[in-house]
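Report on the structure
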Amino acid sequence: MDIESKKAEPIGVFDSGVGGLTVACEIARQLPKENIVYFGDTARVPYGSKSKDTIIRFSEQIIRFLAKKHVKAIVIACNTASALALETVRDQFDIPILGVVIPGARAAVAATKNLKVGVIGTEATVRSKMYTKNIQKMNPKVEVIEKACPLFVPLVEEGFREHHITDEAIHYYLESMKDTRIDAMILGCTHYPLLRTKIQQYVGENIQIVNPAYETAMELKELLTCQGIANTGKEQSCSKYEFYVSDAAEKFRDFANSVMPFDVPKTNIVNIEEY
Ligand code: DGL
């Protein structure tokens, strides 16, 4: 394949559901010439309560699907899959694969002044301690306090972002975080930026909220540039975004249209168990 065709190939982005849209959105913003193929595993969400083996198997299937779409790089826009499956799948596939945990850890290390960082995420992400390990590899002096907030994902998936039960869930999970004197807190699940305003209001302005999405988009940009495969846009007038899910395409499309800065016209269903 000639290099111009390679550059025009899309970036594969995946998550268990709608959360990865927060990362896809940032990639579209920072890398406007790149085409994106998004996969949301809506039939099997949530990942956060599942075992490592299952999360690896799901990730492998999705990567095989994205490989069929001829993606030139993959972003695992899911902290749970980044924490539990990234190392395994990186060794298996001949496509560059990035996760969100290392970029998120780097952003938090840069943000904290008192060297106390909070991390909120799914049960699986918190259990893996991948944020703590990566942050302390970057700066061993940083103290990390992790907290699982398992109800946040279903609340977001069900469209309850503005509902009072979401306020109650935020209070239930984050009250203890307020007493820890952290000055930075990572949204360690890609669904959580969709609750960002409410979370920020609850924890107050003294805690800087860290969303790994920006840092991830920057890491992707660097990878594409280093490998000489960034899209220069010579072969197209505007970027193409394609959306695939494993179930409930209409519901996903409506949600995507409420959060993406462009129209999401069609979402296709994929039988991911076939991959
Ligand atoms: N949005 C994902 C994450 O970043 C997965 C949430 C879930 O499916 O439990 O962890």
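Read on for a plain summary of the structure.

Glancing now at the sheet that holds strand S10 (residues 267–269). Strand order in the open sheet formed by six strands is S4-S3-S1-S2-S9-S10, and the pairing between neighbours is parallel. The open sheet has two edge strands, strand S4 (97–98) and S10, and neither has a second partner. Alignment of strand S9 (residues 241–245) against S10, held across three bridges, turns out to be parallel. Bridge pairing links Val 245 to Ile 269 in S10. Along the sheet face, helix H2 (residues 21–30) touches strand S1 (11–15), strand S2 (36–40), strand S3 (73–76) and S9 and points at about 170° away from the line of S2.

Its location among the elements puts Glu 146 in strand S6 (residues 143–148). Among buried Asp, Glu, Lys and Arg side chains, Glu 146 stands out as unpaired, with Lys 129 the closest opposite charge at 4.8 Å. Once residues lying within four places of it in the same chain are set aside, the contact partners of Glu 146 are Val 119, Thr 125, Val 126, Lys 129, Tyr 131, Thr 132 and Met 177.

In the structure shown here, the tally under the stated rule is eleven aromatic pairs. With 5.2 Å between their ring centres and 70° between their planes, Phe 65 and Tyr 244 make a pair best called edge-to-face. Separated by 179 residues along the polypeptide, Phe 65 in helix H3 (residues 52–68) and Tyr 244 in strand S9 bring together distant segments of the chain. Taking the relative accessible area as the measure of exposure, Phe 65 reaches 3% and is therefore buried. Tyr 244 sits in the buried class, given a relative accessible area of 9%. Relative to Tyr 275, the ring of Phe 65 has its centre 5.4 Å away and its plane inclined at 80°; by these criteria the two rings are edge-to-face. With Phe 65 in helix H3 and Tyr 275 in the segment after S10, the pair connects residues that are 210 residues apart, well separated along the chain.

Here we come to the pairing of strand S7 (residues 184–188). Where burial is concerned, most of S7 is hidden: five out of the five residues are buried. Both faces of S7 are covered, namely the face carrying Ala 184, Ile 186 and Gly 188 and the face carrying Met 185 and Leu 187. As paired elements, strand S5 (residues 116–121) and S7 share five bridges and run parallel to each other. Bridge pairing links Val 117 to Ala 184 in S7.

A few words now on the site of the ligand. Around the ligand, the structure places 14 residues, and the nearest of them are Ser 16, Tyr 47, Asn 79, Thr 80 and His 191. At a separation of 2.7 Å, an oxygen atom of the ligand approaches a polar backbone atom of Asn 79. In this structure, Thr 190 approaches the ligand through a main-chain N or O atom, which is 2.8 Å from an oxygen atom. Protein chains bury 99% of the 300 Å² of accessible surface belonging to the ligand in isolation.

Over its 14 residues, helix H4 (residues 79–92) extends 19 Å from the first C-alpha to the last, a length consistent with the 20 Å expected when each residue adds 1.5 Å. Of all bends in H4, the biggest is about 65°, found at Ala 85. Taken as a whole, H4 has its buried residues at Asn 79, Thr 80, Ala 81, Ser 82, Ala 83, Leu 84, Ala 85, Leu 86 and Val 89.

Attention now moves to the pattern of salt bridges. Overall, the coordinates contain twelve salt bridges when judged by the stated rule. We note a salt bridge from Lys 6 to Glu 9, for which the minimum N-O separation is 3.5 Å. Taking the relative accessible area as the measure of exposure, Glu 9 reaches 10% and is therefore buried. Measuring nitrogen to oxygen at the nearest pair gives 2.8 Å for the salt bridge that ties Asp 41 to Arg 44. Across this residue pair, the class does not change: Asp 41 and Arg 44 are buried.

Rules used throughout
- Residues numbered from 1 in each chain as written.
- Predicted model: local features only at pLDDT ≥ 70, side-chain atom pairs only at ≥ 80, totals over all residues.
- Heavy atoms only, no water.
- Pairing = 2+ DSSP bridges.
- Helix = DSSP H or I, 4+ residues; strand = E, 2+ residues; numbered from the N terminus.
- Contact = heavy atoms within 4.5 Å.
- Axes fitted to C-alpha atoms, helices over the stretch in contact; angles between N-to-C directions.
- Buried < 20%, exposed > 50% of the residue type's maximum accessible area, 1.4 Å probe, protein only.
- Lys, Arg positive; Asp, Glu negative; His and termini not counted.
- Salt bridge = Lys/Arg side-chain N within 4 Å of Asp/Glu carboxyl O.
- Phe/Tyr/Trp six-rings, centres within 6.5 Å; stacked < 30°, edge-to-face > 60°.
- Near = heavy atom within 4 Å.
- Polar contact = N/O pair within 3.5 Å; in protein donor to acceptor, adjacent residues only side chain to side chain.
- Areas by Shrake-Rupley, 256 points an atom, 1.4 Å probe, with all protein chains shown as cover.
- Expected span 1.5 Å × (residues − 1).
- Bend = angle between axes of the 7 residues up to and from the residue.

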